[in-house]
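Results of the structural survey
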Amino acid sequence: MTSILPPGLEGNLVEYVQGGVGDWLPFNQKRFYTNAFIIQDDKILLGMKKRGFGINKYNGFGGKVEPGETLTQAAMRELKEEAGIDAPLEHAGSLLFMAKGAGWAFQIEIFSAHSYSGTPTESDEMRPEWFSFASSAGSDADAIVPPIPYETMWDGDVHWLPLLVRGQKFVGRIDSVTQDDGEFAMTRHWFGTVISDN
Ligand SMILES: Nc1[nH]c(=O)nc2c1ncn2[C@H]1C[C@H](O)[C@@H](COP(=O)(O)OP(=O)(O)OP(=O)(O)O)O1
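Residues numbered from 1 in each chain as written. Predicted model: local features only at pLDDT ≥ 70, side-chain atom pairs only at ≥ 80, totals over all residues. Heavy atoms only, no water.

1. Considerations on the overall build of the protein
Across its full length, the protein holds three helices and nine strands. Its helices and strands in sequence order give the protein the pattern β-β-β-β-α-β-β-β-α-α-β-β, from N to C terminus. Taken over the C-alpha trace, the protein has a radius of gyration of 17 Å; the compact-globule value for 198 residues is 16 Å, and the two agree within 12%. Taken along its principal axes, the extent of the C-alpha atoms in the protein is 45 × 40 × 35 Å. Out of the 198 residues belonging to the protein, those deemed buried represent 44%. Approximately 10,300 Å² of the protein is accessible, and the part contributed by carbon and sulfur atoms is 51%. Side chains of the protein carry 16 positive and 27 negative charges; the gap between the two charge centres is 4 Å. (Helix = DSSP H or I, 4+ residues; strand = E, 2+ residues; numbered from the N terminus. Rg over C-alpha atoms; globule rule 2.2 N^0.38 Å. Buried < 20%, exposed > 50% of the residue type's maximum accessible area, 1.4 Å probe, protein only. Areas by Shrake-Rupley, 256 points an atom, 1.4 Å probe, with all protein chains shown as cover. Lys, Arg positive; Asp, Glu negative; His and termini not counted. Charge placed at Lys NZ, Arg CZ, Asp CG, Glu CD.)

2. As for the side chain of His-189
Position of His-189 among the secondary structure elements: in strand β9 (residues 184-194). What His-189 contacts, discounting residues up to four positions off in sequence, is Val-17, Gln-18, Gly-19, Gly-20, Trp-24, His-159, Arg-173 and Ile-174. (Contact = heavy atoms within 4.5 Å.)

3. Examining the site of the ligand
Around the ligand sit 18 residues, and of these Lys-49, Asn-59, Lys-64, Glu-125 and Asp-157 come closest. Between the ligand and the protein, one listed contact pairs an oxygen atom with a side-chain N or O atom of Lys-49 at 2.7 Å. Lys-64 places a main-chain nitrogen or oxygen 2.9 Å from an oxygen atom of the ligand. In isolation the ligand has 640 Å² of accessible area, and contact with the protein removes 90% of it. Residue assignment for the shell around the ligand shows that the elements contributing at least two residues are β2 (29-40), α1 (71-83), β6 (104-113) and α3 (157-165). (Near = heavy atom within 4 Å. Polar contact = N/O pair within 3.5 Å; in protein donor to acceptor, adjacent residues only side chain to side chain.)

4. Notes on the environment of Trp-24
Residue placement: Trp-24 occurs in the loop between β1 (13-20) and β2. Its relative accessible area of 16% is what places Trp-24 among the buried residues. In this structure the C-alpha to C-alpha distance between Trp-24 and Gly-8, which are 16 residues apart in sequence, comes to 9.9 Å. Ignoring anything within four residues of it in the chain, the contact list for Trp-24 reads Pro-6, Pro-7, Arg-173, Asp-175, Arg-188, His-189 and Trp-190.

5. Quick look at α3
Listing the buried residues of α3 in full gives Asp-157, Trp-160, Leu-161, Leu-163, Leu-164 and Val-165. One or two residues past the end of α3 sits Gly-167, with phi positive at roughly 75°.

6. Focus: unusual backbone geometry
Here Asp-41, not a glycine, exhibits a phi torsion of approximately 50°, which is positive. Considering the arrangement of structural elements, one finds Asp-41 in the loop between β2 and β3 (43-49). On the basis of relative accessible area, Asp-41 is assigned to the exposed category, the value being 72%. Unlike most non-glycine residues, Asn-56 shows phi in positive territory, near 65°. Relative to the helices and strands, Asn-56 resides in the loop between β3 and β4 (58-59).

7. Some words on the pattern of salt bridges
The tally for this structure, following the rule as stated, stands at 10 salt bridges. Close ionic contact of Glu-69 with Arg-77 constitutes a salt bridge, the shortest N to O distance being 2.5 Å. A cluster of three or more residues bridged by salt bridges with shared partners is formed by Glu-69, Arg-77, Glu-78 and Glu-81. (Salt bridge = Lys/Arg side-chain N within 4 Å of Asp/Glu carboxyl O.)

8. Observations concerning the nonpolar core
Core analysis: the largest hydrophobic core is formed by 28 residues, its most contacted members being Phe-37, Ile-44, Leu-46, Ile-110, Trp-160, Leu-161 and Leu-164. Contributing elements (two or more residues each) for this core: β2, β3, β5 (90-99), β6, α3, β8 (170-178) and β9. Counting residues per element, this core draws most heavily on α3, which supplies five residues. In contact with Ile-44, other than residues within four places in its own chain, are Phe-37, Ile-38, Ile-39, Glu-129, Trp-130, Phe-131, Phe-133, Ile-148, Leu-161, Leu-164 and Val-165. (Core = buried A, V, L, I, M, F, W, Y, C linked by side-chain atoms within 4.5 Å.)

Take a look at the structure:
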């Protein structure tokens with residue numbers, strides 16, 4: 001079953017979850033960003049953002065795609081710059097993030113890998129930490145690896161991160177407004193899973 005897609009999304013998608021109210025915000029161009037996650041066993045590597053957009057939130061490692069780079073090259077460069085590691089990143093999903101008044105949209109290409117080389121190392125921008133997505137609580141591992149800190153992440157992440165960790169490709173759109181305290185608040189969201197062609 002397919003449904004009407006929000007403007008800016010395309011592909012063979014099945015709605016997974018949606019919410020919020022109002023018209024989708026207009027935009028006239030997209031700016032491309034990357035966001036990369038390392039997933040091993042029942043753990044995921046996130047970074048505490050130390051500056052800029054999303055300061056004091058946990059997120060994957062990424063940033064702007066520079067002219068002349070492919071998306072994968074940009075994702076690998078940002079992972080190295082922000083977490084000090086190399087990984088065989090593969091495309092895992094896409095997010096379109098709109099902030100009211102911006103007039104342009106962030107197109108965030110999400111990447112993941114199940115292995116890496118090097119040692120996750122704090123950078124000027126990010127402090128890497130492991131989190132657990134194990135469903136069974138109480139083992140020794142859970143005691144030292146805390147659960148994914150959704151309360152200190154972007155609001156929409158609770159919807160798509162579970163898809164990412166189980167390897168389900170996804171596409172989503174998040175529209176938001178900037179509140180008086182400078183924080184973004186979601187006004188409308190839509191997430192879908194990608195139907196494979198085979
Ligand atoms: N995990 C996430 N969930 C979400 O809903 N929106 C996210 C997101 N990560 C980033 N965004 C959105 C909001 C943010 O304003 C925009 C750009 O975020 P980034 O952290 O990638 O940008 P930066 O300005 O830090 O890039 P660089 O300076 O190139 O590192 O993308």
